[in-house]
Amino acid sequence: MIGLVSATAAGAAARDRLAAAWPERTRVYEGPVADAVRAAFAQCEQLVCFLATGAVVRLVAPLLADKRTDPGVVCVDEAGRFAVSLLGGHGGGANGLAAEVAGVLGAEPVVTTATDAVGVPGLDTLGLPVEGDVAGVTRALLDGEPVALRAEVSWPLPPLPLAAEGAYTVRVTDRLVEETAGEVVLRPPSLVVGVGASRGAPAEEVLGVVEGALREAGLSPASVARITTVDAKAAEPGIVTAARRLGVPLVTYPAGELAGVEVPHPSDAPLAAVGTPSVAEAAALLGGGELLVPKRKSERADGRPAMATCAVVRRPGRGRLAVVGLGPGARDLLTPRAAAELRRASVLVGLDQYVDQIRDLLRPGTRVLESGLGAEEERARTAVEEARRGHAVALIGSGDAGVYAMASPALAEASDDIDVVGVPGVTAALAAGAVLGAPLGHDHVSISLSDLHTPWEVIERRVRAAAEADLVVTFYNPRSRGRHWQLPKALAILAEHREPATPVGVVRNASRADESARLTTLAALDPGAVDMMTVVTVGNTATREIAGRMVTPRGYRWQESAR
């Protein structure tokens, strides 16, 4: 929850705007300001104070306890000009909150955290538990001193300026290690703990066998990703409580799935009880991995039979491929999610001209693999290969990466050994449609006229089907130096089914600085004025030019009155 505190009418007005935008995330604290800040500080994960920074410093100073647990605090001036990340920039999420608040209020986010200022990810913002000399290693990164990476467990990390050797170290491991000066330990969620338990097994016994197994194997509880068991034990109180105390999700599987997992220590007892010869080992091994701790039983002080078992598996780190749509070109049409994926990626793969568009958004240390036109399949293969090596990869394309772009060749190469994330973007058809008016207000289709990947016979059949179905048609890749006859042919097919006065919109470089647009008709369109940077949108029989705009009605009832 985000606590909101203000002192004046102007501050309250901005406060109320934020509360209206985030009704489920925020709580307004009324009354004397000092009391309101104290209450919000104690009850909320984050605060937004519509007060001077000096006043907030004095109010929160007596409340500070630990940077790992204190809430993040953002200050907004009463004019709503700036959103200042004051406290808990990383741990409390104030840096991100400042950017969000600024977006809602139209303010400027102010972030002074050193790592954010120079574009280096904070070691405590990587999404992994972190231990050790965070301040010392961060200072070394900021000072440009060599910091070595020791990845005992492969895990996709964002770009960090790391070296092969150095006096400082970032260590990625799930093993228990002693703290060393000049070393930061990142804990990847690489361990899966399978648990079996008799009915009524105490939570202390379940937790005890898990923690004992990890400790004796030299493994860190911070790297446990989840507890797994059979479906029949999904509501077993001891298992549920143990997972909650460890702070990890409980995942359950049907007995039939577990029975199909080959394990080193099958048993008749669980087979009779829940229908599988193994629970702990099978539940941990389902999905693959290395069995680090075979099934072990709990030990009871009273000498009675054990009621809990566990096994521990290390899952291999999976690479991550984000297929990112950059939009039509304008920076303000690049989505926040796309920008976040670009900052997260340690490897960027893309067409050289698209890389140039967003190079300034990349973090220092991002490895860029760029190539020219015509190398789409090679880029897709490269991106997948880099992800298989365990990297966090962003593969970029213009518009939406799934529309005539890189998603389909990449996913044709990818298998289930990597994680794939799709990030949608604003397509050229949508950008051009917004410039023209509302040409896509009813059923429509996009067709590429490039026959480099699709035979012309197939393209022509699709154009004819769209013409006969009376669909609005957006043509991508309409004309190039080597392909000059396809667009006239497609227009002729449409003309067999539509009037010469049918509106046609022609938009070049939609959303970019040199954007141009014009509205013409099917009969008057000059194909010679069209190139590969142009999107051509041909209306259907209901499309009209209204006040200089191209409009296709959602329904047809007003069609007669518009004629």
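Cut-off values and rules
Residues numbered from 1 in each chain as written. Predicted model: local features only at pLDDT ≥ 70, side-chain atom pairs only at ≥ 80, totals over all residues. Heavy atoms only, no water. Helix = DSSP H or I, 4+ residues; strand = E, 2+ residues; numbered from the N terminus. Buried < 20%, exposed > 50% of the residue type's maximum accessible area, 1.4 Å probe, protein only. Contact = heavy atoms within 4.5 Å. Areas by Shrake-Rupley, 256 points an atom, 1.4 Å probe, with all protein chains shown as cover. Lys, Arg positive; Asp, Glu negative; His and termini not counted. Charge placed at Lys NZ, Arg CZ, Asp CG, Glu CD. Pairing = 2+ DSSP bridges. Axes fitted to C-alpha atoms, helices over the stretch in contact; angles between N-to-C directions. Parallel < 35°, antiparallel > 145°, perpendicular 65-115°, else oblique. Left-handed = near helix turned anticlockwise from the far one by under 90°. Nonpolar A, V, L, I, M, F, W, Y, C, P; charged D, E, K, R; others polar. Phe/Tyr/Trp six-rings, centres within 6.5 Å; stacked < 30°, edge-to-face > 60°. Lys NZ or Arg CZ within 6 Å of the ring centre and 35° of its normal. Salt bridge = Lys/Arg side-chain N within 4 Å of Asp/Glu carboxyl O. Core = buried A, V, L, I, M, F, W, Y, C linked by side-chain atoms within 4.5 Å.

Participant: Talk me through the overall build of the chain; I want residue IDs and the actual numbers.
Facilitator: Check the secondary structure of the chain and you find 19 helices and 28 strands. Put simply, the chain has 563 residues, and 47% of those count as buried. Pairs at least 24 apart in sequence give 64% of the contacts found in the chain among residues at least 6 apart. Carbon and sulfur atoms form 52% of the exposed surface of the chain, whose accessible area is close to 26,200 Å². Charge separation in the chain, taken as the distance between the mean sites of 56 positive and 66 negative side-chain charges, equals 2 Å.

Participant: Lay out the sheet that holds strand β27 (residues 544–546) in plain terms, naming residues and giving numbers.
Facilitator: Sheet architecture is open: 3 strands sit in the order β21-β28-β27, paired in mixed fashion. For this open sheet the edge positions go to β21 (437–438) and β27, each flanked by a neighbour on one side alone. Judged from the 3 bridges that link them, β27 and strand β28 (residues 549–551) form a sheet pairing that is antiparallel. When the sheet's bridge partners are listed, I546 is paired in β28 with R549.

Participant: Report on the environment of L186, specifying residues and quantitative values.
Facilitator: Structurally, the position occupied by L186 is in strand β10 (residues 183–186). Owing to a relative accessible area of 0%, L186 belongs among the buried residues under this scheme. In contact with L186, not counting residues within four places along its chain, are L123, L126, L128, P129, V130, L157, V170, R171, V172 and T173.

Participant: Residues and numbers for the packing of helix α17 (residues 456–468) against helix α18 (residues 486–495), please.
Facilitator: α18 packs onto α17 with a crossing angle of 30° between their chain directions and a minimal axis gap of 9 Å. Taken together, α17 and α18 sit at an angle that is classed as roughly parallel. Note that α17 runs across α18; the crossing there is right-handed. Between α17, through W456, E460, V463, R464 and A467, and α18, the contact on the second element is made entirely by Q486, K489, A490, I493 and L494. Of the residues that constitute the contact of α17 with α18, the class distribution is 6 nonpolar, 1 polar and 3 charged.

Participant: Report on the environment of A405, specifying residues and quantitative values.
Facilitator: For A405, the location among the structural elements is in the loop between β19 (392–397) and α15 (407–413). Assessed through its relative accessible area of 18%, A405 is described here as buried. On a C-alpha basis, the gap between A405 and G325 in space is 8.6 Å, while along the polypeptide they are 80 residues apart. Among all residues touching A405, those that are not within four sequence positions of it are S398 and D400.

Participant: How would you explain unusual backbone geometry if you had to name every residue and give the values?
Facilitator: Located in the positive-phi region is N477, a residue other than glycine, with phi close to 45°. With respect to the helices and strands, N477 occurs in the loop between β23 (472–476) and α18. Its relative accessible area of 22% is what places N477 among the partly exposed residues. Positive phi is not limited to glycine here, since S511 has a value of about 80°. Looking at the element boundaries, S511 is found in the loop between β24 (503–508) and β25 (516–521).

Participant: Now, about the sheet that holds strand β1 (residues 2–6): what can you tell me, with residues and values included?
Facilitator: If you trace the 6 strands from one edge of the open sheet to the other, you get β2-β1-β3-β4-β5-β6, paired in mixed fashion. Both edges of this open sheet fall to β2 (26–29) and β6 (108–110), since each of them pairs with a single strand only. Between one strand axis and the next, the sheet turns by 25° as a mean value, whatever way the strands run. Looking at chain direction, strand β3 (residues 46–50) and strand β4 (residues 72–76) are connected through 4 bridges and run parallel. Looking at the pairing, L47 lines up with V73 of β4. Lying on the sheet, helix α2 (residues 33–43) is in contact with β1, β2, β3, β4 and β5 (82–87); it crosses β1 at an angle near 170°.

Participant: Talk me through the packing of aromatic side chains; I want residue IDs and the actual numbers.
Facilitator: Within the structure shown, the criterion is met by 2 aromatic pairs. Each ring, one from Y404 and one from Y476, has its centre 4.7 Å from the other, and the planes form 50°; the classification is tilted. Separated by 72 residues along the polypeptide, Y404 in the loop between β19 and α15 and Y476 in strand β23 bring together distant segments of the chain. Given the relative accessible area of 10%, Y476 is considered buried. Centre to centre, the rings of W456 and W485 are 5.1 Å apart; their planes meet at 75°, and the pair counts as edge-to-face. Separated by 29 residues along the polypeptide, W456 in helix α17 and W485 in the loop between β23 and α18 bring together distant segments of the chain. By relative accessible area, W456 is classed as buried at 10%. You can call W485 partly exposed: its relative accessible area is 40%. Across from the ring centre of W22, 4.3 Å away, lies the NZ or CZ of R25, which sits over that ring.

Participant: If you had to explain the pattern of salt bridges to someone new, which residues and values would you point to?
Facilitator: Under the counting rule described, the total for this entry stands at 25 salt bridges. Between E370 and R359 there is a salt bridge, and its shortest N-O distance comes to 3.3 Å. Here E370 is found in strand β18 (residues 367–371), whereas its partner R359 is found in the loop between α13 (352–358) and β18, with 11 residues between them in sequence. For E370, a relative accessible area of 38% translates into the label partly exposed. Residues participating in the shared-partner salt-bridge network are R150, E152, R171 and E183.

Participant: Account for the pairing of strand β26 (residues 534–538), with residues named and values stated.
Facilitator: Where burial is concerned, most of β26 is hidden: 5 out of the 5 residues are buried. Burial along β26 is two-sided: the face carrying T534, V536 and V538 and the face carrying V535 and T537 are both buried. One ladder, built from 5 bridges, connects β24 with β26; its direction is antiparallel. Looking across to β26, one finds that V506 is bridged to V536.

Participant: A description of the nonpolar core should follow, citing residues and the corresponding values.
Facilitator: If you look at the biggest cluster of nonpolar residues, it comprises 25 residues, and the most contacted ones within it are V193, V195, V210, I227 and V312. Only β11 (191–197), α7 (203–217), β12 (224–230), α8 (237–246), β14 (290–297) and β15 (308–314) provide two or more residues apiece to this core. Ranked by the residues each element gives to this core, the list is headed by α7, at 6 residues. Apart from the residues lying within four places of it in its own chain, the contact partners of V195 are V206, V210, I227, T228, T229, I239, V279, A280, T309 and C310. Counting 21 residues, the second-largest nonpolar core is a separate cluster that includes I459, V463, V504 and V530.

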